[in-house]
Amino acid sequence: MEYIDNLPPMDLMRSEKMTFVQLIIPVESAHPAITFLGQLGLLQFRDLNADKSPFQRTFVNQVKRCAEMSRKLRFFKDQTQKAGLLPSPRPASQPDIELEELEIQLAEHEHELIEMNANSEKLRQSYNELLEFKMVLQKASDLLVSSRSHTTAQDTELNENVYSNDNYSDTASLLEQEMQPGLSNQSGVRFISGIICKSKILQFERMLFRTTRGNMLFHQAVADEELLDPSSNEMVEKIVFVVFFSGEQARSKILKICEAFGANCYPVPEDMTKRRQITREVLSRLSELETTLDVGLRHRDKALTSIGFHLTKWMNMVRREKAVYDTLNMLNFDVTKKCLVGEGWCPIFAKTKIQEALQRATMDSNSQVGIIFHVMDAVGSPPTYFRTNRFTNAYQEIVDAYGVAKYQEVNPAVYTIVTFPFLFAVMFGDWGHGICLLLGALVLISKESKLSSQKLGSFMEMLFGGRYVVLLMSIFSIYCGLIYNEFFSVPFHIFGGSAYKCRDASCSDAQTVGLIKYSDPYPFGVDPSWRGSRSELPFLNSLKMKMSILLGVAQMNLGILLSYFNARFFNSSLDIKYQFVPQVIFLNSLFGYLCLLIVVKWCTGSQADLYHVMIYMFLSPFEALGENQLFWGQSVLQVILLLLALVAVPWMLFPKPFILKRLHTERFQGGTYGLLGTSEVDIYEEPDSARQHQHEEFNFSEVFVHQMIHSIEFVLGAVSNTASYLRLWALSLAHSELSTVFYEKVLLLAWGYDNLIIRLIGLAVFAFATTFILLMMETLSAFLHALRLHWVEFQNKFYHGDGYKFKPFSFASLADDED
């Protein structure tokens, strides 16, 4: 035991030791002190004003100012993006400015931009109106001319009718009146011309027809170019229309409908000369407006470009200032002593760095009084903090996704670094597919510096974050693929010749029948001669199923062993005696014995039926094994192991609750006297340990029910968890069979045709199936199953995961925030 205690500590084995500290900061040193602590990023402040609303805190006005400045900076960023300009990713070299000076500059820039935008919007609106007017003049002129030319074909008939009937203007239809030239003013036929969005034209025409009861004539033509819609800032296709009608009442109705549909109406004179004159004036005005708009846009772009050089730096500065004042609002303000009092957690190794940062803040602020930094006793549980690097961070995130480790609890990430990619590879074993994964991981790692500074999509960000996980998964997949001897489901004689050969020279089908063993076993992995033989599936099924059980029992034993180290670290002897010991006995009496039988059967080459042995171990423990006996004394050993498993269940269930009750009674009835608990002792208490509830009411029924649930869960879980590891066999078999199907039924089948097109199609289908089904879907499936095996089957043996993360005040964590 002393040897175990003297082992050197591992960085990831347990979280960093934390201490609770108090800061007493003079007012003049508060801002620089919090700034330096934010740059250091090793102190987590506790909110001492949790009972106050945000508007009741000391520095609420400064927070409001920073929020207003953030709004202005977001406005500048939006304007820059709308203008198609990219803000400079690297801040321009500019001397540091004060927050008040920056606030004045931002206000001036905002006022200037708003004024330029308002002028530009007015000019753009005028430009759009003139552009629409020009299109209406052109298209309406064409419509009017075509209408006049349409009448010339029927001049003879209409003239006879018109001049033979003096009352024609009273009785003729609107269509006939409109078609007769020179009579529009006399007969009261008028027209309204305008422009409308193409999406509204059908409803617009139908409404006009219904409102005028069909007493109108509607002409339309598509505009030559799309126009900018000021409301949506998108290009919209529009239609020019001309509506002929009669009567003032119809005119008012048509104008109201135009207004309701957002159609813009423009006056078009009937006289060709006037139309040409107005068109020239409109074109001249459009030219002037284009010039004015170009000058205004260049001026605005120049202003936005100058802002863009400093935008990143300003945003970082305001973001940091807001974070500083938010943190200052978490401190207590002592009016009488003119100081701020703060409390928080920090790692023990960071105390010296924090004190140096506070001394720098005192010197920079020229304060006469130094900042007081001292350690306090804490009642609450400290946060959990692991120092990780680029390689270990992804594995720690996998564990934290299940639950953050309790303070100083054994960290499963240490073992996950090896076991997770290995169990993945057991299900994904193919060294051809493993090489493909390895190439993808190496590409991500080679572009690490470039991709880390870019904003990636959700999928790519997850893939990039787990690049080292993919690297190890691919390496282990190559290793397991060499053991399975599979390269895209094709076996190779990599490590020498096969141990099997044909019985004689006349053997016709040496791949399926007639093979006999003539030399030593294949030196590494599965013999390639098994591939395609009649006994391939029975052999591989037996191998992978038993291997899955061995791996599963080994990992579950590792989890139980880690529970021992947890109990020893937290000084909980009850957990060692009444949880660890019976759990080890129960698991290994049943499934450890099964693993022993598997190894003995492999070593001896026995034909014993292990299913029969395990089933009748429970049903008929005293019955002779007969031909299923693997070694001498097996029957006696089975009876002993069965009795041990039966004893282990009440051993887990009954002693611990009654001992806890006795200890509680002795402690509170004066039976014994114990040391007063301190924060250093209470921190390391196990939730179920004897000293945990010294200040709480002891409820025996709750403790007993909790222990009963825990015991039943372990007993049933020992069976279900062992069976759950058979997914290693199932997914490995599925992956192998899918690879074989795609290779034999797609690639080889297509290659059998003497046709280049069929071969290329078969190769394309094989590549597609390999990439999207085997390399993507199967990878995701194996990843999720390996995740489940770690979260459920492994971690539930020792891992509570009920802690909370250490979240220090750090400027680095604000880098990606968008306020």
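Within each chain, residue numbers correspond to sequence positions counted from 1 in written order. Thresholds applied to this predicted model are a pLDDT of at least 70 for local features of residues and 80 or more for the giving and counting of side-chain atom pairs; totals over whole chains, interfaces and linings are not thresholded and use all residues. In computing side-chain values, all of the structure's heavy atoms are included and hydrogens and water are not.

Undergrad: Can you walk me through the overall build of the protein chain in this structure?
TA: Helix numbers and strand numbers start at the N terminus; a helix is a DSSP run of H or I with at least 4 residues, a strand a run of E with at least 2. Regarding its fold elements, the protein chain presents 27 helices and 13 strands. Note on contacts: a residue pair qualifies if any of its non-hydrogen atoms lie within 4.5 Å across the two residues. Looking at the protein chain alone, contacts between residues at least 24 apart form 80% of all its contacts between residues at least 6 apart. Roughly 44,400 Å² of accessible area belongs to the protein chain as shown, and the carbon and sulfur atoms make up 59% of that amount. Per-residue and other accessible areas follow the Shrake-Rupley method at a 1.4 Å probe size, with only the shown protein chains counted as cover for residues.

Undergrad: I'm lost on the pairing of strand S3 (residues 189-197) in this one. Help?
TA: Along any regular strand, the residues point their side chains to alternate faces of the sheet. Of all the nine residues making up S3, eight are buried; the element is thus mostly covered by neighbouring parts of the structure. Note on pairing: DSSP must find at least two bridges between two strands before they are called paired. Here S3 runs beside strand S7 (residues 238-246); their pairing, made up of nine bridges, is antiparallel. Residue pairing in the sheet places Ile195 in a bridge with Val240 of S7. Note: S3 against strand S8 (residues 264-266), three bridges, orientation antiparallel. Bridge pairing in S8 places Gly194 opposite Cys265. Buried means the residue's accessible area, taken with a 1.4 Å probe over protein chains only, is under 20% of the maximum for its type, while exposed means over 50%, and partly exposed covers the values in between.

Undergrad: Looking at this structure, how should I read helix H3 (residues 60-82)?
TA: Three or four residues apart is the spacing at which side chains of an α-helix point the same way, because the helix has 3.6 residues per turn. How far a helix is expected to stretch is found by multiplying one less than its residue total by 1.5 Å. For H3, with 23 residues, the first-to-last C-alpha span of 33 Å sits near the 33 Å given by 1.5 Å per residue. Val60, Val63, Cys66, Met69, Ser70, Lys72, Leu73, Phe76, Gln79 and Thr80 are the residues of H3 that are buried. Looking one or two residues beyond H3, the residue adopting positive phi is Gly84, at roughly 80°.

Undergrad: Just checking my understanding: could you explain the packing of aromatic side chains for this structure?
TA: When we look at a pair of aromatic rings, we describe it by the centre distance and by the angle of the planes. Aromatic rings from Phe, Tyr and Trp, with only the six-membered ring used for Trp, were paired whenever their centres fell within 6.5 Å, and each pair was classed as stacked if the ring planes differed by under 30 degrees, edge-to-face if by over 60, and tilted otherwise. Counting across every chain of the model gives 38 aromatic pairs. Here the aromatic rings of Phe133 and Tyr266 are separated by 5.4 Å at their centres, their planes lie at 15°, and the arrangement is stacked. Taken together, the positions of Phe133 in helix H4 (residues 99-152) and Tyr266 in strand S8 put the pair 133 residues apart, joining distant regions of the chain. Among the aromatic side chains, those forming a connected cluster through ring pairs are Tyr402, Trp791, Phe794, Phe798 and Tyr799.

Undergrad: Would you mind going over the layout of surface pockets with me for this structure?
TA: Where empty space is left can be seen by rolling a probe of water-molecule size over the atoms. Considering only enclosed or pocket space, the second largest pocket measures out at about 1,000 Å³ in volume. Both cavities and pockets are sets of points on a 1 Å grid over the protein atoms alone; in a cavity a 1.4 Å probe fits but cannot get out, in a pocket the set is open with protein on both sides within 12 Å along at least five of seven lines, and lining residues sit with an atom within 4 Å of a point. Around the second largest pocket sit 30 residues that line it, and Phe459, Met462, Leu463, Gly466 and Val470 are the ones nearest its centre. Contributing elements (two or more residues each) for the lining of the second largest pocket: helix H13 (393-402), helix H15 (431-446), helix H17 (458-465), helix H18 (467-484) and helix H27 (756-794). In terms of residue count, the dominant contributor to the lining of the second largest pocket is H27 (eleven residues). Class assignment of the residues belonging to the lining of the second largest pocket gives a composition of 23 nonpolar, six polar and one charged. Grid points are joined across faces, edges and corners, and a volume is the space filled by probe spheres set on the points. The classification used treats Ala, Val, Leu, Ile, Met, Phe, Trp, Tyr, Cys and Pro as nonpolar, Asp, Glu, Lys and Arg as charged, and all other residues, Gly among them, as polar.

Undergrad: Sorry if this is basic, but what is going on with the UniProt feature "transmembrane region" (unreviewed entry) in the protein chain here?
TA: Using the residue numbers shown here, the UniProt feature "transmembrane region" (unreviewed entry) corresponds to residues 422-445, 466-484, 547-567, 579-600, 631-654 and 756-777. The annotated region residues 579-600 carries 100% helix and 0% strand content, and the separation between its end C-alpha atoms amounts to 30 Å. Secondary structure over residues 756-777 splits into 100% helix and 0% strand, and the C-alpha atoms at its two ends are 30 Å apart. UniProt positions are given in the numbering used here, feature names are shortened, and annotations may be inferred rather than shown by experiment.

Undergrad: Teacher, can you tell me more about unusual backbone geometry here?
TA: With glycine set apart, most residues show a phi of negative sign, and most peptide bonds adopt trans. With a phi close to 55°, Arg213 is a non-glycine residue in the positive phi region. Along the chain, Arg213 falls in the loop between helix H9 (201-211) and strand S4 (217-222). Positive phi is not limited to glycine here, since Asn366 has a value of about 55°. Position of Asn366 among the secondary structure elements: in the loop between helix H12 (351-364) and strand S11 (372-376). When its relative accessible area of 62% is taken as the criterion, Asn366 is described as exposed.

Undergrad: What is the right way to read the UniProt feature "coiled-coil region" (unreviewed entry) in the protein chain from this model?
TA: Using the residue numbers shown here, the UniProt feature "coiled-coil region" (unreviewed entry) corresponds to residues 97-126. When the span residues 97-126 is considered, its composition is 93% helix and 0% strand, and the gap between its end C-alpha atoms is 42 Å.

Undergrad: Is there a simple way to explain the pattern of salt bridges in this structure?
TA: Pairing between side chains of opposite charge can happen when the charged atoms of each approach one another. A pairing counts as a salt bridge when a side-chain nitrogen of Lys or Arg comes within 4 Å of a carboxyl oxygen of Asp or Glu. Taken as a whole, this structure holds 21 salt bridges when the rule is applied. Between Arg46 and Glu343 there is a salt bridge, and its shortest N-O distance comes to 2.4 Å. Highlighted residues: Arg46 in strand S2 (residues 44-46) and Glu343 in strand S10 (residues 339-347), separated in sequence by 297 residues. Among the residues examined, Glu343 registers a relative accessible area of 13% and is labelled buried. The partner of Asp326 in a salt bridge is Lys322, with the nearest N and O atoms 3.3 Å apart. Taken together, the residues span about one helical turn, with Asp326 and Lys322 both in helix H11 (residues 272-328) at a distance of four residues. On the basis of relative accessible area, Asp326 is assigned to the partly exposed category, the value being 31%. Residue classification places Lys322 among the partly exposed residues on the basis of a relative accessible area of 22%.

Undergrad: Even after reading the chapter, I still don't get the pairing of S10, so can you show me in this structure?
TA: By the criterion of burial, S10 is predominantly enclosed, with nine of the nine residues buried. Taken together, the nine bridges between strand S1 (residues 18-26) and S10 define a ladder with antiparallel strand orientation. Note on S10: the bridge partner recorded for Ile24 is Val341. Of the pairings in the sheet, the one linking S2 to S10 comprises three bridges and is antiparallel in character.

Undergrad: Sorry, what's going on with the side chain of Asp527 here?
TA: Structurally, Asp527 is set in the loop between strand S13 (515-517) and helix H19 (536-569). Polar contacts, as counted here, are pairs of nitrogen or oxygen atoms within 3.5 Å of one another; within protein the pair requires one atom able to donate a hydrogen and one able to accept it, and residues that are adjacent in sequence qualify only if both atoms are side-chain atoms. Among the polar contacts made by the side chain of Asp527, one reaches the main-chain amide nitrogen of Ala499 at a distance of 3.0 Å. Beyond its immediate sequence surroundings of up to four residues, Asp527 is in contact with Asn485, Ser498, Ala499, Tyr500 and Tyr522.

Undergrad: Looking at this structure, I do not really get helix H14 (residues 413-428). What am I missing?
TA: A rise of 1.5 Å per residue sets the reference length of H14, with its 16 residues, at 22 Å; its end C-alpha atoms lie 22 Å apart and thus fit the reference within 8%. For a residue, the bend is simply the angle between two axes, fitted respectively to the seven-residue segment ending there and the seven-residue segment starting there. Taking the largest bend as the criterion, H14 deviates by roughly 30°, centred on Thr419, and proline Pro421 comes between one and four positions later. Within H14, 13 of the 16 residues are buried, which leaves it mostly tucked inside the rest of the structure.

Undergrad: Looking at this structure, how should I read the packing of H14 against H19?
TA: Packed helices, taken two at a time, are described by their axes: the angle between them and the distance between them. The axes are straight lines fitted to the C-alpha atoms, using for helices just the contacting stretch, and the angles between their N-to-C directions are given from 0 to 180°. The geometry of H14 relative to H19 is characterised by a closest axis approach of 12 Å and an angle of 165° between their N-to-C directions. For the element pair H14 / H19, the angle class is roughly antiparallel. Of the two possible hands of crossing, H14 and H19 adopt the one that is left-handed. Note on element contacts: H19 touches H14 through Met547, Leu551, Gln555, Leu558 and Leu562, opposite Tyr415, Thr419, Phe422, Leu423 and Val426. Looking at the contact of H14 with H19, its residues break down into eight nonpolar, two polar and no charged. Oblique is the label for any angle not covered by the other classes, which are roughly parallel (under 35 degrees), roughly antiparallel (over 145) and roughly perpendicular (65 to 115). In this scheme the crossing of two helices becomes right-handed for a clockwise turn of the near helix relative to the far one and left-handed for an anticlockwise turn of less than a right angle.

Undergrad: What's the story with the packing of H19 against H27 in this structure? I'm lost.
TA: Running from N to C, H19 and H27 cross one another at 50°; their axes reach a closest spacing of 10 Å. On the basis of their axis angle, the class for H19 and H27 is oblique. Crossing of H19 over H27 shows right-handed handedness. Side by side, H19 and H27 meet where Gln555, Met556, Leu558, Gly559 and Leu562 of the first sit next to His790, Glu793 and Phe794 of the second. Among the residues making up the contact of H19 with H27, the classes are represented as four nonpolar, three polar and one charged.

Undergrad: Help me understand the sheet that holds S8, please; the structure alone is not making it clear to me.
TA: Within a beta sheet, neighbouring strands are joined by backbone hydrogen bonds and run either parallel or antiparallel to one another. Taken in spatial order, the four strands line up as S4-S7-S3-S8 in an open sheet, and their pairing is antiparallel. Either end of the sheet is taken by a strand with one partner, and the two such strands are S4 and S8. Between one strand and the next, the sheet's axes are offset by a mean angle of 25°, whatever the strand orientation. Sheet contacts for H9: S3, S4 and S7; angle to S4, the most-contacted strand, approximately 165°. Relative to the sheet, helix H10 (residues 248-260) contacts S3, S7 and S8, its axis offset from that of S7 by approximately 160°.

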